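# Remarks on the overall topology
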Amino acid sequence: SSGINAEYGHIPGKQKWISSGRGVVAGVNSGNNIYYRRGLTPGRPTGTGWVHIPGKLMMIEIYEDQLVGTNPGHVIFKNPIMGVPAPRPIRPSARRGPLTLQVICDDISTIYIDGKHRPTRGTGRWNQMAQLRIPGSTRAIGIKCRNTGGPYGLMAQVKDRTGKVIFVTDNSWKCSNRPQGGWARGGFRGRWRPAHITRNQKPFLRNIGAWRSMSRNRKVIWTNTSRDRTVYCRKDLGPSAGSRVTGPTNVRITARWQSIPGRLTRISRGRAGVWGVNKHGHIYKLNSNGRSWRRISGNLVHISVGSQVWGVNRGQ
(Lines give C-alpha, C1' and ligand atoms only; values in the text may rest on other atoms or scores of the structure.)
Protein backbone atom coordinates (compact mmCIF):
# COMPACT_ATOMS: atom_id res chain seq x y z
CA SER A 1 0.00 0.00 0.00
CA SER A 2 1.05 3.62 -0.38
CA GLY A 3 0.36 6.67 1.73
CA ILE A 4 1.44 10.18 2.66
CA ASN A 5 3.95 10.87 5.40
CA ALA A 6 2.43 13.71 7.40
CA GLU A 7 5.27 15.80 8.81
CA TYR A 8 3.69 19.10 9.82
CA GLY A 9 5.63 22.10 11.02
CA HIS A 10 4.12 24.90 13.07
CA ILE A 11 3.99 28.35 11.43
CA PRO A 12 3.48 31.34 13.74
CA GLY A 13 0.18 33.16 13.24
CA LYS A 14 -3.52 32.30 13.09
CA GLN A 15 -5.50 31.89 9.88
CA LYS A 16 -8.98 30.55 9.19
CA TRP A 17 -8.34 30.04 5.47
CA ILE A 18 -5.11 29.43 3.61
CA SER A 19 -4.09 28.76 0.02
CA SER A 20 -0.76 28.06 -1.65
CA GLY A 21 0.63 28.34 -5.15
CA ARG A 22 4.04 28.26 -6.80
CA GLY A 23 6.31 30.17 -4.42
CA VAL A 24 3.44 31.94 -2.64
CA VAL A 25 1.14 31.31 0.34
CA ALA A 26 -1.73 33.59 1.37
CA GLY A 27 -4.48 33.42 3.97
CA VAL A 28 -7.15 35.29 5.89
CA ASN A 29 -7.68 35.39 9.65
CA SER A 30 -10.79 35.52 11.81
CA GLY A 31 -11.02 39.27 11.25
CA ASN A 32 -11.03 38.71 7.46
CA ASN A 33 -7.62 40.40 7.22
CA ILE A 34 -5.47 39.21 4.31
CA TYR A 35 -1.81 38.15 4.54
CA TYR A 36 0.83 36.52 2.38
CA ARG A 37 4.00 34.73 3.47
CA ARG A 38 7.27 36.45 2.57
CA GLY A 39 10.73 34.94 2.18
CA LEU A 40 9.72 31.57 0.71
CA THR A 41 12.72 29.76 -0.81
CA PRO A 42 13.53 26.09 -1.51
CA GLY A 43 15.87 26.23 1.49
CA ARG A 44 13.29 27.96 3.70
CA PRO A 45 9.90 26.67 2.51
CA THR A 46 8.05 28.18 5.50
CA GLY A 47 9.27 31.71 4.75
CA THR A 48 10.21 34.45 7.22
CA GLY A 49 6.96 36.20 8.16
CA TRP A 50 3.48 37.41 7.24
CA VAL A 51 2.81 40.58 5.24
CA HIS A 52 -0.56 42.31 5.53
CA ILE A 53 -2.48 43.13 2.32
CA PRO A 54 -5.09 45.90 2.68
CA GLY A 55 -8.62 44.66 2.12
CA LYS A 56 -11.09 42.20 3.68
CA LEU A 57 -11.89 38.68 2.48
CA MET A 58 -13.51 35.71 4.17
CA MET A 59 -11.78 33.18 1.90
CA ILE A 60 -8.97 33.21 -0.66
CA GLU A 61 -7.58 31.02 -3.44
CA ILE A 62 -4.31 31.18 -5.42
CA TYR A 63 -3.68 29.99 -8.94
CA GLU A 64 -0.54 30.90 -10.88
CA ASP A 65 -0.20 34.71 -10.70
CA GLN A 66 -3.62 35.64 -9.30
CA LEU A 67 -5.56 35.70 -6.03
CA VAL A 68 -9.33 35.35 -6.02
CA GLY A 69 -11.63 35.60 -3.05
CA THR A 70 -14.96 36.71 -1.63
CA ASN A 71 -15.57 39.22 1.12
CA PRO A 72 -18.11 38.99 3.97
CA GLY A 73 -20.73 40.56 1.68
CA HIS A 74 -20.06 37.78 -0.89
CA VAL A 75 -18.56 40.30 -3.36
CA ILE A 76 -15.94 38.67 -5.59
CA PHE A 77 -12.44 40.10 -6.03
CA LYS A 78 -9.24 39.27 -7.88
CA ASN A 79 -5.72 40.60 -7.38
CA PRO A 80 -2.48 40.03 -9.32
CA ILE A 81 0.58 38.42 -7.74
CA MET A 82 3.89 39.89 -8.87
CA GLY A 83 7.11 37.91 -9.13
CA VAL A 84 5.67 34.40 -9.22
CA PRO A 85 8.64 32.19 -10.17
CA ALA A 86 8.52 30.22 -13.39
CA PRO A 87 8.44 26.45 -12.87
CA ARG A 88 11.50 24.47 -13.75
CA PRO A 89 10.99 22.88 -17.19
CA ILE A 90 10.40 19.17 -17.19
CA ARG A 91 13.50 17.10 -17.99
CA PRO A 92 13.41 15.54 -21.46
CA SER A 93 14.00 12.13 -19.86
CA ALA A 94 10.69 12.48 -17.96
CA ARG A 95 8.82 11.94 -21.25
CA ARG A 96 10.77 9.10 -22.80
CA GLY A 97 10.28 8.37 -26.45
CA PRO A 98 8.35 10.30 -29.08
CA LEU A 99 4.90 11.73 -28.58
CA THR A 100 2.01 11.77 -31.04
CA LEU A 101 0.13 14.99 -31.73
CA GLN A 102 -3.34 14.81 -33.30
CA VAL A 103 -5.07 17.96 -34.54
CA ILE A 104 -8.52 18.71 -35.98
CA CYS A 105 -9.16 22.26 -37.21
CA ASP A 106 -12.12 23.82 -38.93
CA ASP A 107 -10.87 24.59 -41.52
CA ILE A 108 -7.09 24.91 -42.19
CA SER A 109 -4.32 24.41 -39.63
CA THR A 110 -0.64 25.20 -39.47
CA ILE A 111 1.30 23.34 -36.78
CA TYR A 112 4.42 24.53 -34.97
CA ILE A 113 6.58 22.52 -32.59
CA ASP A 114 8.89 24.65 -30.44
CA GLY A 115 8.44 27.44 -32.96
CA LYS A 116 9.23 25.38 -36.07
CA HIS A 117 6.61 24.79 -38.76
CA ARG A 118 5.86 21.08 -39.19
CA PRO A 119 4.03 20.45 -42.49
CA THR A 120 1.83 17.34 -42.35
CA ARG A 121 -1.13 15.77 -44.07
CA GLY A 122 -4.66 16.41 -42.88
CA THR A 123 -4.29 20.12 -42.20
CA GLY A 124 -6.36 21.35 -45.15
CA ARG A 125 -9.92 20.20 -44.38
CA TRP A 126 -12.20 20.50 -41.34
CA ASN A 127 -13.06 16.78 -41.28
CA GLN A 128 -9.51 15.42 -41.51
CA MET A 129 -7.05 14.71 -38.71
CA ALA A 130 -3.44 15.85 -38.86
CA GLN A 131 -1.13 13.48 -37.00
CA LEU A 132 2.61 13.75 -36.44
CA ARG A 133 5.34 12.49 -34.17
CA ILE A 134 6.97 15.08 -31.94
CA PRO A 135 10.00 14.71 -29.61
CA GLY A 136 9.47 13.83 -25.97
CA SER A 137 11.49 16.94 -25.17
CA THR A 138 8.94 19.25 -26.84
CA ARG A 139 8.31 22.37 -24.74
CA ALA A 140 5.51 24.05 -26.69
CA ILE A 141 2.89 23.33 -29.34
CA GLY A 142 1.49 26.15 -31.47
CA ILE A 143 -1.46 25.77 -33.83
CA LYS A 144 -2.79 28.37 -36.24
CA CYS A 145 -6.36 27.57 -37.26
CA ARG A 146 -8.11 29.46 -40.04
CA ASN A 147 -11.88 29.33 -40.51
CA THR A 148 -12.88 29.89 -44.13
CA GLY A 149 -16.57 30.29 -43.25
CA GLY A 150 -19.37 28.73 -41.23
CA PRO A 151 -18.75 26.79 -38.00
CA TYR A 152 -15.32 26.93 -36.40
CA GLY A 153 -13.25 25.14 -33.78
CA LEU A 154 -9.94 23.52 -32.92
CA MET A 155 -9.28 20.36 -30.95
CA ALA A 156 -6.11 18.40 -30.33
CA GLN A 157 -4.54 15.79 -28.10
CA VAL A 158 -1.08 14.42 -27.33
CA LYS A 159 -0.35 10.75 -26.66
CA ASP A 160 2.73 9.20 -25.11
CA ARG A 161 4.52 6.23 -26.62
CA THR A 162 2.10 3.78 -24.93
CA GLY A 163 -0.91 5.50 -26.52
CA LYS A 164 -2.02 7.17 -23.27
CA VAL A 165 -3.50 10.64 -23.78
CA ILE A 166 -1.47 13.11 -21.69
CA PHE A 167 -2.74 16.48 -23.01
CA VAL A 168 -6.00 17.59 -24.63
CA THR A 169 -7.32 20.93 -25.77
CA ASP A 170 -8.99 22.70 -22.84
CA ASN A 171 -8.73 26.10 -21.20
CA SER A 172 -5.16 25.41 -20.10
CA TRP A 173 -4.33 26.32 -23.70
CA LYS A 174 -3.91 30.02 -24.53
CA CYS A 175 -5.40 31.59 -27.67
CA SER A 176 -5.21 34.93 -29.44
CA ASN A 177 -6.34 36.44 -32.72
CA ARG A 178 -2.89 37.91 -33.25
CA PRO A 179 0.49 36.15 -33.34
CA GLN A 180 3.33 37.61 -31.32
CA GLY A 181 7.02 37.00 -31.70
CA GLY A 182 7.88 33.60 -30.23
CA TRP A 183 4.24 32.68 -29.61
CA ALA A 184 4.81 29.02 -30.58
CA ARG A 185 8.03 28.57 -28.58
CA GLY A 186 8.59 27.45 -25.03
CA GLY A 187 8.99 30.21 -22.47
CA PHE A 188 6.65 32.63 -24.28
CA ARG A 189 5.62 35.35 -21.81
CA GLY A 190 2.77 37.00 -23.70
CA ARG A 191 -0.35 37.58 -21.61
CA TRP A 192 -2.74 35.58 -23.77
CA ARG A 193 -6.15 34.63 -22.45
CA PRO A 194 -7.15 31.04 -21.69
CA ALA A 195 -8.82 29.35 -24.63
CA HIS A 196 -12.59 29.74 -24.90
CA ILE A 197 -14.52 26.46 -24.92
CA THR A 198 -16.98 26.55 -27.81
CA ARG A 199 -19.89 24.33 -28.84
CA ASN A 200 -20.21 26.01 -32.23
CA GLN A 201 -19.03 23.06 -34.31
CA LYS A 202 -21.65 20.44 -33.40
CA PRO A 203 -20.03 17.40 -35.12
CA PHE A 204 -16.86 18.00 -33.06
CA LEU A 205 -18.88 17.35 -29.89
CA ARG A 206 -19.53 13.75 -30.89
CA ASN A 207 -17.06 10.90 -31.35
CA ILE A 208 -17.52 10.40 -35.07
CA GLY A 209 -15.49 10.65 -38.24
CA ALA A 210 -11.74 11.27 -38.11
CA TRP A 211 -11.92 12.16 -34.40
CA ARG A 212 -13.94 9.14 -33.25
CA SER A 213 -10.99 7.79 -31.23
CA MET A 214 -10.06 11.06 -29.52
CA SER A 215 -10.36 11.43 -25.76
CA ARG A 216 -13.81 12.42 -24.51
CA ASN A 217 -12.05 14.90 -22.25
CA ARG A 218 -11.00 17.04 -25.20
CA LYS A 219 -12.61 20.44 -25.64
CA VAL A 220 -13.25 22.45 -28.78
CA ILE A 221 -11.41 25.73 -28.35
CA TRP A 222 -11.24 29.16 -30.00
CA THR A 223 -10.95 32.76 -28.91
CA ASN A 224 -14.01 34.25 -27.21
CA THR A 225 -15.53 35.73 -30.38
CA SER A 226 -16.84 34.21 -33.59
CA ARG A 227 -15.58 37.28 -35.44
CA ASP A 228 -12.03 35.90 -35.31
CA ARG A 229 -11.52 33.99 -38.55
CA THR A 230 -7.93 33.02 -37.70
CA VAL A 231 -6.76 32.07 -34.21
CA TYR A 232 -3.40 31.15 -32.72
CA CYS A 233 -3.45 28.66 -29.85
CA ARG A 234 -0.53 27.34 -27.83
CA LYS A 235 0.13 24.76 -25.16
CA ASP A 236 3.17 24.68 -22.87
CA LEU A 237 4.36 21.12 -22.32
CA GLY A 238 7.56 22.10 -20.53
CA PRO A 239 6.41 22.62 -16.92
CA SER A 240 5.25 19.49 -15.14
CA ALA A 241 2.85 19.15 -12.26
CA GLY A 242 5.77 18.22 -10.05
CA SER A 243 8.17 20.88 -11.25
CA ARG A 244 10.20 22.64 -8.58
CA VAL A 245 10.89 26.28 -8.02
CA THR A 246 14.61 27.00 -7.98
CA GLY A 247 16.36 29.91 -6.35
CA PRO A 248 14.89 32.67 -4.20
CA THR A 249 11.46 34.06 -4.93
CA ASN A 250 10.52 37.73 -5.19
CA VAL A 251 6.77 37.45 -4.74
CA ARG A 252 5.02 40.71 -3.93
CA ILE A 253 1.31 41.27 -3.43
CA THR A 254 -0.08 44.78 -3.15
CA ALA A 255 -3.72 45.79 -2.91
CA ARG A 256 -4.80 46.07 -6.55
CA TRP A 257 -8.19 44.47 -6.07
CA GLN A 258 -10.66 44.35 -8.94
CA SER A 259 -14.26 43.29 -8.42
CA ILE A 260 -15.91 40.62 -10.55
CA PRO A 261 -19.70 40.94 -11.02
CA GLY A 262 -21.76 38.51 -8.99
CA ARG A 263 -22.12 37.26 -5.42
CA LEU A 264 -20.51 34.02 -4.20
CA THR A 265 -19.78 32.43 -0.84
CA ARG A 266 -17.00 30.20 -2.21
CA ILE A 267 -14.72 30.59 -5.22
CA SER A 268 -11.84 28.54 -6.61
CA ARG A 269 -9.52 28.84 -9.60
CA GLY A 270 -7.46 26.17 -11.35
CA ARG A 271 -6.69 24.72 -14.75
CA ALA A 272 -10.42 24.04 -15.23
CA GLY A 273 -11.22 27.74 -14.82
CA VAL A 274 -12.88 29.88 -12.14
CA TRP A 275 -15.83 28.27 -10.36
CA GLY A 276 -17.92 29.25 -7.39
CA VAL A 277 -21.07 28.64 -5.38
CA ASN A 278 -23.52 31.18 -3.96
CA LYS A 279 -25.49 31.21 -0.69
CA HIS A 280 -28.20 29.07 -2.28
CA GLY A 281 -25.68 26.40 -3.30
CA HIS A 282 -25.98 27.24 -6.99
CA ILE A 283 -22.83 26.48 -9.01
CA TYR A 284 -21.33 28.91 -11.50
CA LYS A 285 -18.38 28.99 -13.89
CA LEU A 286 -16.80 32.28 -14.99
CA ASN A 287 -17.02 32.85 -18.74
CA SER A 288 -13.87 33.64 -20.71
CA ASN A 289 -14.79 37.35 -20.82
CA GLY A 290 -14.04 37.46 -17.08
CA ARG A 291 -17.25 39.39 -16.35
CA SER A 292 -20.20 36.99 -16.61
CA TRP A 293 -21.07 33.59 -15.17
CA ARG A 294 -22.67 30.43 -16.52
CA ARG A 295 -24.96 28.41 -14.22
CA ILE A 296 -23.96 24.76 -13.85
CA SER A 297 -26.52 22.18 -12.79
CA GLY A 298 -26.30 20.87 -9.23
CA ASN A 299 -25.91 22.22 -5.69
CA LEU A 300 -22.76 22.50 -3.57
CA VAL A 301 -21.64 24.31 -0.42
CA HIS A 302 -17.90 24.03 -1.13
CA ILE A 303 -15.90 23.76 -4.36
CA SER A 304 -12.25 23.17 -5.29
CA VAL A 305 -10.79 23.47 -8.78
CA GLY A 306 -7.66 21.95 -10.29
CA SER A 307 -7.62 20.14 -13.60
CA GLN A 308 -10.97 18.76 -12.35
CA VAL A 309 -13.72 20.27 -10.23
CA TRP A 310 -14.59 18.73 -6.85
CA GLY A 311 -17.23 19.79 -4.38
CA VAL A 312 -19.19 19.00 -1.24
CA ASN A 313 -22.97 19.20 -1.09
CA ARG A 314 -25.20 19.95 1.89
CA GLY A 315 -25.51 16.26 2.66
CA GLN A 316 -21.70 16.16 3.10
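Being a predicted model, the structure only gives us computed values, none of them experimental.

A word on the state of the cysteines. Inspection of the entire model under this criterion finds 2 disulfides. Each sulfur in the disulfide pair Cys175 and Cys233 lies 2.1 Å from the other. Measuring handedness by torsion sign, the sulfur bridge of Cys175 and Cys233 sits at about 110° and is right-handed. Of this pair, Cys175 sits in strand E15 (residues 174-176) while Cys233 sits in strand E19 (residues 230-236), and the two are 58 residues apart along the sequence. On the accessibility criterion, Cys233 (0% relative accessible area) is buried. Cysteine pairing for the chain (bonded cysteines numbered in sequence order): 1-2, 3-4.

Take the packing of aromatic side chains next. As enumerated under the stated definition, the model contains 8 aromatic pairs in all. On the numbers, 6.2 Å between centres and 35° between planes, the contact of Trp126 with Phe204 is tilted. Linking Trp126 in the loop between strand E10 (116-117) and strand E11 (130-134) with Phe204 in the loop between strand E17 (196-197) and strand E18 (221-222), this pair joins segments that are 78 residues apart in sequence. On the basis of relative accessible area, Phe204 is assigned to the buried category, the value being 1%.

The subject of this paragraph is the pattern of salt bridges. Any two side chains of opposite charge can pair, on the condition that their charged atoms come close. In the structure shown here, the tally under the stated rule is 3 salt bridges. A salt bridge links Asp65 to Arg191; the shortest N-O distance between them is 3.8 Å. Of this pair, Asp65 sits in the loop between strand E5 (59-63) and strand E6 (66-70) while Arg191 is found in the loop between E15 and strand E16 (193-194), placing the two residues 126 residues apart along the sequence. Among the residues examined, Asp65 registers a relative accessible area of 32% and is labelled partly exposed. Accessibility expressed as a relative area gives 75% for Arg191, which makes it exposed. As a salt-bridge pair, Asp236 and Arg234 come within 2.5 Å of each other at their nearest N and O atoms.

Our focus in this paragraph is the sheet that holds E6. Within the open sheet, the 4 strands sit side by side as E5-E6-E7-E20. Their pairing is antiparallel. The outermost strands of the open sheet, each flanked by one partner alone, are E5 and strand E20 (258-263). Across the sheet, the axes of successive neighbouring strands diverge by a mean angle of 20°, strand direction being ignored. Relative to E6, E5 runs antiparallel, the two sharing 5 bridges. Residue Met59 lies in a different strand from E6, and its bridge partner there is Thr70.

Below, the discussion takes up unusual backbone geometry. With the exception of glycine, most residues fall at negative phi, and the peptide bonds are largely trans. Cis rather than trans, the peptide bond between Asp106 and Asp107 has omega equal to 25°. Within the chain, Asn32 stands out as a residue other than glycine whose phi angle is a positive 65°. Relative to the helices and strands, Asn32 is located in the loop between strand E2 (24-28) and strand E3 (33-38). Of note in the backbone geometry, His74 takes a positive phi value of approximately 70° without being a glycine. By secondary structure assignment, the location of His74 is in the loop between E6 and strand E7 (75-80).

On to the layout of surface pockets, then. Roughly 550 Å³ of volume is contained in the second largest pocket. Around the second largest pocket, the lining is made up of 21 residues, and of these Ser20, Val25, Leu40, Pro45 and Thr46 lie nearest the centre. Secondary structure elements with two or more residues in the lining of the second largest pocket: strand E1 (17-21) and E2. At 4 residues, the largest contribution of residues to the lining of the second largest pocket is made by E1.

What follows is about the confidence of the model for the chain. Chain-level pLDDT for the chain is 87 on average; 90% of the residues reach the 70-or-more range. Segment residues 90-94 is flagged for pLDDT under 50; beyond a separation of four residues in sequence, or across chains, it makes 7 contacts in the model. Segment residues 239-248: pLDDT under 50, and 16 contacts once partners within four positions in sequence are set aside and those in other chains are kept.

Once that is clear, we can look at a positive patch on the surface. On the surface, a cluster of positive charge is contributed by Arg199, Lys202, Lys219 and Arg294. Tracing the chain through its elements places Lys202 in the loop between E17 and E18. By relative accessible area, which is 53% here, Lys202 ends up exposed.

Right, let's get into the nonpolar core. Grouped together as the largest cluster of nonpolar side chains are 26 residues, with contacts concentrated most on Ile60, Leu67, Ile81, Ile253, Ile267 and Trp293. Sorting the residues of this core by element identifies E2, E3, E5, E6 and strand E23 (282-286) as the ones contributing at least two each. If near-sequence neighbours (up to four positions away) are discounted, Ile81 is found in contact with Val24, Ile62, Glu64, Asp65, Gln66, Leu67, Val251, Arg252 and Ile253. Core analysis: the second largest hydrophobic core is formed by 25 residues, Cys105, Ala130, Cys233 and Leu237 among them.

Cut-offs and rules
- Residues numbered from 1 in each chain as written.
- Predicted model: local features only at pLDDT ≥ 70, side-chain atom pairs only at ≥ 80, totals over all residues.
- Heavy atoms only, no water.
- Disulfide = S-S within 2.5 Å.
- Helix = DSSP H or I, 4+ residues; strand = E, 2+ residues; numbered from the N terminus.
- Buried < 20%, exposed > 50% of the residue type's maximum accessible area, 1.4 Å probe, protein only.
- Phe/Tyr/Trp six-rings, centres within 6.5 Å; stacked < 30°, edge-to-face > 60°.
- Salt bridge = Lys/Arg side-chain N within 4 Å of Asp/Glu carboxyl O.
- Pairing = 2+ DSSP bridges.
- Axes fitted to C-alpha atoms, helices over the stretch in contact; angles between N-to-C directions.
- 1 Å grid on protein atoms, 1.4 Å probe; cavity = no way out; pocket = protein on both sides within 12 Å on 5 of 7 lines; lining within 4 Å.
- Points joined across faces, edges and corners; volume = space filled by probe spheres on them.
- pLDDT = per-residue confidence, 0-100.
- Contact = heavy atoms within 4.5 Å.
- Patch = residues over 30% accessible without salt bridge, like charges linked within 9 Å, V, L, I, M, F, W, Y side chains within 5 Å.
- Areas by Shrake-Rupley, 256 points an atom, 1.4 Å probe, with all protein chains shown as cover.
- Lys, Arg positive; Asp, Glu negative; His and termini not counted.
- Charge placed at Lys NZ, Arg CZ, Asp CG, Glu CD.
- Core = buried A, V, L, I, M, F, W, Y, C linked by side-chain atoms within 4.5 Å.

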